[in-house]
2 protein chains.
Amino acid sequence: MSCIPNWEQEWTLPYYLILLGFSCICICVLSDSSIWVPQAEIDAAVKLLLKLKVDYKQMTGQDYKAGCPPSENSIAPDNGPAADGADEDTVDPWNVATTNAKGVDYDKLIVRFGSNKIDQELVDRIEKVAGQTPHRFLRRGIFFSHRDMHQVLDAYEKNKSFYLYTGRGPSSEAMHVGHLIPFIFTKWLQDVFDIPLVIQLTDDEKYLWKDLTLEDCHRFAVENAKDIIACGFDVNKTFIFSDLDYMGSSPEFYRNVVKIQKHVTYNQVKGIFGFTDSDCIGKISFPAIQAAPSFSNSFPQIFGSRKDIQCLIPCAIDQDPYFRMTRDVAPRIGYPKPALLHSTFFPALQGAQTKMSASDANSSIFLTDTPKQIKNKVNKHAFSGGKDTVEEHRKYGGNPDVDVSFMYLTFFLEDDEQLEKIKQDYASGALLTGELKKMLIETLQPMITQHQERRKQVTDETVKQFMTPRPLNFKL
Amino acid sequence: MSCIPNWEQEWTLPYYLILLGFSCICICVLSDSSIWVPQAEIDAAVKLLLKLKVDYKQMTGQDYKAGCPPSENSIAPDNGPAADGADEDTVDPWNVATTNAKGVDYDKLIVRFGSNKIDQELVDRIEKVAGQTPHRFLRRGIFFSHRDMHQVLDAYEKNKSFYLYTGRGPSSEAMHVGHLIPFIFTKWLQDVFDIPLVIQLTDDEKYLWKDLTLEDCHRFAVENAKDIIACGFDVNKTFIFSDLDYMGSSPEFYRNVVKIQKHVTYNQVKGIFGFTDSDCIGKISFPAIQAAPSFSNSFPQIFGSRKDIQCLIPCAIDQDPYFRMTRDVAPRIGYPKPALLHSTFFPALQGAQTKMSASDANSSIFLTDTPKQIKNKVNKHAFSGGKDTVEEHRKYGGNPDVDVSFMYLTFFLEDDEQLEKIKQDYASGALLTGELKKMLIETLQPMITQHQERRKQVTDETVKQFMTPRPLNFKL
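Because the structure is predicted, anything quoted here is derived from the model rather than measured. (Residues numbered from 1 in each chain as written. Chains lettered and ligands numbered in written order. Predicted model: local features only at pLDDT ≥ 70, side-chain atom pairs only at ≥ 80, totals over all residues. Heavy atoms only, no water.)

(A) View of the overall build of chain A. For chain A, the helix and strand inventory stands at 22 helices and 11 strands. A total accessible area of about 20900 Å² is found for chain A, and carbon and sulfur atoms account for 52% of it. (Helix = DSSP H or I, 4+ residues; strand = E, 2+ residues; numbered from the N terminus. Areas by Shrake-Rupley, 256 points an atom, 1.4 Å probe, with all protein chains shown as cover.)

Following this line, the structure appears as structure tokens:
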């Protein structure tokens, strides 16, 4: 049975059920009605019933019971996605998966999540309000979706400022280039809008979800903070905090956590995050902790008792469920809803079907990689959209849409014209895969080396400075 | 059907099920075997089957389905309590109810909760180890149940000390005499064993459970702290804390909360506390916050990094579910299990069927009541075990077991002989209800007046002192 494709099972199962039902009715008639029926017919019906029962068991793995339909998950237990979710990507804070080599279908995600597309009009408006060329992540649709960004800009134009909030789950010491995306973009936002920023390191979350000790998670938080600081944030405008530290250092933060926890039910987090009754109570209540920094009075050392300061959260789209929940709660506890800017996922070297993984060294370029490692990884592992032979490539051209080296260049190569030329040359076959990879290597190597140099300059003292609750320097 | 007692249903249902099963087998044989059976027998079997199906439906409310047993809760849907829970008292942190005028059946509760009775042997042992006459609450079985108290005394005899932990949920400014029971007893324990004490005020819990603001709950915590301090605790050995304050002041406390939250599932708290999917996530995760003070490293300012100091929790028995959970988690996170001493409930003036309620002014003697209010309340509301007329009372005597005035005297009259004499005189009819009430009034009035005088001396400065995380003065 295991070789029967799904669609066939779906077709044949109802057919068997109907037959089985019919046979039972026949036998009921034989038994209940007291009408005489020739013995041969009874025999035939009984034989059919027995055969159908055997087939039913083969097909569903369950014994047939009259009136008890087979349980849902007994149907098609081992082959592929369900019919109605066949082409739906999985995107939540813990899982991102797609079967499409181009990656997740972000337009569909916008519809599913109910957010708004960052269209050219919004990009132009950001340019106008910020008075700066939009960041390449905006120009190239890497930050592709938003919530309430127009409202943030409306207020900013009326001299009502806002603050930025982003974060990271510190599950290991090693960060890869993909982890930098929200920080690179957030730094740009901080610079052009001249606003304060809070960065949450959810070491408590990692402890709850992973097989790690509290001490490990906290250590990873501090190590990750160094990489984040190396992105160039302004210490006078940036507060980085570990949950394990800050929750126990700020009664105001805890008060907001409790307020949120009072206004979200288990049913709601079950629906949003897919928690089950076997999940620990820490996981179930954690979403409130990621929500709390969205409200300005969680940081009295920065904002005093003001609870009305608008928050803008740049993050990867997989974090949106937390903030859908936050935005639902906000008006019920008297706070403004945070606005959001969502980024696409950074593809793994092996292709855009999955998010990069910090646990697979070959799936990504790490911030600790040497120039040689970078070269080897790109050459060896970066999925290519090129043809099998140079001759074919010259003749038919490569496919930049699935080529990971090209995708990486869209993230890191600043020059739009150069990028466009690379795309055209690659598609035409003028540019070979090896040449494209060389361009990426030459882009990544200095970028990573410079990051490593900046990180070296981040002393424990600097980390302590960034992570100490304190006033920040800004004008609202 | 609804008048059939439970036991009969329990007997008859299996009987019907067996008959039904048998009939089905008969008909199967008729259908499947192809052996000839006289038509009359088939008719009879079919009739029996149909009758049984009708009976089954009447009894269970469900249609009979071969192979599908009736679901558990479909049996006896509408008549009274289940057989095994018929006379079971309700005791959990939010509800205490019994139908017995003498109050909850505490012996049964010990069996149900799996704790141990405080017997004369243990009372004698406490007397020996402490070198003091046992407190009247021990002498009179008001603290009646324990967990691991012998272990605590074993260690204490070997110069391994312990610390005390008790608490209160500050749901209003007004505390009544019943609220003092754990504190009066805890003060005695602190004095005789010369040990540190932490007192948790669960203002976060009250915010989560009640229709109150955070500010109100915190204010009630501080007001309640004054009444607690007025019980005479040693400021050098006592730390009182509001969760809303301390959670945000102690990273070590939060670390323990997260540790506990990682090791308790929703299924477990659902089983222990009866939470439902509609409960907010704050309630679901709160038990970890009441558990955390059971571990000494939650208070590094007192115990440094030591996590091995034994905790003893004196509390009313309704709080036991929290600590059953705590004791289950403790070894899994490398901490000793807290020991417990459980008290009975303080009866409402109206009788021992329920716990006193802070929301009904006439259900209890409040710590703010004037001597006149005390007199009126006792005379007017204290449920009497006396007879209707003086003549009958003299002739048949009163019933001290259900008389609230006598119960209150067992809590507050120090002299054992005097109490015994009152009991005998009341039972014999020599002592009238009015005279008994007068004795209670004369016991309560000076007690409350003195409490009020001590409370007046508790300044904001004193409260701040008690509630500041700081080292305590003790030898372990």
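(B) Quick look at the environment of L189 of chain B. Residue and element names in this part refer to chain B. Of note, L189 is situated in helix 7 (residues 177-193). For L189 and A130, which are 59 residues apart along the polypeptide, the C-alpha to C-alpha distance reads 8.8 Å. Those residues in contact with L189, other than ones at most four positions away along the chain, are L164, D194, I195, L312, P314 and L341. (Contact = heavy atoms within 4.5 Å.)

(C) The arrangement of the packing of helix 19 (residues 404-412) of chain A against helix 20 (residues 416-428) of chain A in detail. Residue and element names in this part refer to chain A. Interaxial distance between helix 19 and helix 20 falls to 10 Å at its minimum, and their mutual angle equals 170°. One element, helix 19, and the other, helix 20, form an angle in the roughly antiparallel class. Taking contact as the criterion, the partners of F406, L409 and T410 in helix 19 are, on helix 20, L419, I422 and K423. Of the residues assigned to the contact of helix 19 with helix 20, the class counts are 4 nonpolar, 1 polar and 1 charged. (Axes fitted to C-alpha atoms, helices over the stretch in contact; angles between N-to-C directions. Parallel < 35°, antiparallel > 145°, perpendicular 65-115°, else oblique. Nonpolar A, V, L, I, M, F, W, Y, C, P; charged D, E, K, R; others polar.)

(D) Layout of the pairing of strand 9 (residues 339-343) of chain B. Residues and elements named next belong to chain B. For strand 9, the buried fraction is high: 5 of the 5 residues fall into the buried class. What you see with strand 9 is no split at all: A339, L341 and S343 on one side and L340 and H342 on the other are buried throughout. Judged from the 4 bridges that link them, strand 4 (residues 143-147) and strand 9 form a sheet pairing that is antiparallel. From the neighbouring strand, H146 faces strand 9, where its bridge partner is L341. (Buried < 20%, exposed > 50% of the residue type's maximum accessible area, 1.4 Å probe, protein only. Pairing = 2+ DSSP bridges.)

(E) Spotlight on the sheet that holds strand 7 (residues 238-242) of chain B. All names here are of chain B. Strand order in the open sheet formed by 7 strands is 3-4-9-8-5-6-7, and the pairing between neighbours is mixed. Whereas interior strands pair on both sides, the edge strands pair on one side only; in this sheet they are strand 3 (116-117) and strand 7. Relative to strand 6 (residues 197-201), strand 5 (residues 162-168) runs parallel, the two sharing 5 bridges. Looking at strand 6, one finds that Y165 is bridged to V198.

(F) Structural detail: the pattern of salt bridges. Summed over all chains, the structure comprises 58 salt bridges over all chains. R332 of chain B is the partner of D328 of chain B in a salt bridge, and the nearest nitrogen-oxygen pair spans 3.1 Å. Given the relative accessible area of 41%, D328 of chain B is considered partly exposed. Since its relative accessible area comes to 43%, R332 of chain B is described here as partly exposed. Connected via shared salt-bridge partners are R136, R139, R140, E414 and D416 of chain A. (Salt bridge = Lys/Arg side-chain N within 4 Å of Asp/Glu carboxyl O.)

(G) Looking closely at the nonpolar core. In terms of nonpolar packing, the biggest core is built from 97 residues, with I260 and V269 of chain A together with I260 and V269 of chain B touching the most fellow members. Once residues lying within four places of it in the same chain are set aside, the contact partners of I260 of chain A are A288, A291, A292, F295, M325, V329 and I333 of chain A. (Core = buried A, V, L, I, M, F, W, Y, C linked by side-chain atoms within 4.5 Å.)

(H) Spatial organisation of the sheet that holds strand 8 (residues 310-316) of chain A. Residues and elements named next belong to chain A. In spatial order, the strands read 3-4-9-8-5-6-7; together these 7 strands make up an open sheet with mixed pairing. In the strand order of this sheet, the two ends are held by strand 3 (116-117) and strand 7 (238-242), each with one partner. Of the strands in this sheet, strand 6 (197-201) and strand 7 touch helix 22 (residues 460-467), which is tilted by about 95° from strand 7.

(I) Broad picture of the packing of aromatic side chains. All names here are of chain A. Within this structure, the stated rule accounts for 75 aromatic pairs over all chains. Relative to Y246, the ring of F239 lies with its centre 5.3 Å away and its plane at 70°, an arrangement referred to as edge-to-face. The two residues F239 and Y246 agree in class, both being buried. Summarising the aromatic geometry, the rings of F286 and Y322 are spaced 5.9 Å apart at their centres and angled 85° between planes, so their arrangement reads as edge-to-face. Placement of F286 in the loop between helix 13 (281-285) and helix 14 (287-291) and of Y322 in helix 16 (residues 320-329) is noted, with a sequence separation of 36 residues between them. (Phe/Tyr/Trp six-rings, centres within 6.5 Å; stacked < 30°, edge-to-face > 60°.)

(J) Inspection of helix 7 of chain B at higher detail. Residues and elements named next belong to chain B. Taking 1.5 Å of rise per residue, 17 residues should cover 24 Å, and helix 7 covers 25 Å from first to last C-alpha, within 8% of that figure. Burial runs high along helix 7: 14 of the 17 residues are buried. Two residues or fewer after helix 7 comes D194, characterised by a positive phi angle close to 55°. (Expected span 1.5 Å × (residues − 1).)

(K) Layout of the domain arrangement of chain A. Residues and elements named next belong to chain A. Annotation of chain A at the domain level lists domain 1 (7-74), domain 2 (90-348) and domain 3 (357-456). Listed as interface residues are 25 residues of domain 2 and, on the opposing side, 26 residues of domain 3. Note on domain 2 versus domain 3: buried area summed over both sides is about 2300 Å², and carbon and sulfur give 61% of it. Its largest share of buried area at the contact with domain 3, domain 2 owes to R140, H176 and V177, together 24% of the area lost on that side. Linking domain 2 to domain 3 there are 6 salt bridges. Along the contact surface separating domain 2 from domain 3 lie 15 residue pairs in polar contact (both at pLDDT 80 or more). Mapped by element, the contributors of at least two residues to the side of domain 2 that touches domain 3 are helix 5 (136-139), helix 7 (177-193), helix 9 (214-229) and strand 10 (347-348). (Domains from an automatic or database assignment. Buried area = accessible area lost by both parts, 1.4 Å probe. Polar contact = N/O pair within 3.5 Å; in protein donor to acceptor, adjacent residues only side chain to side chain.)

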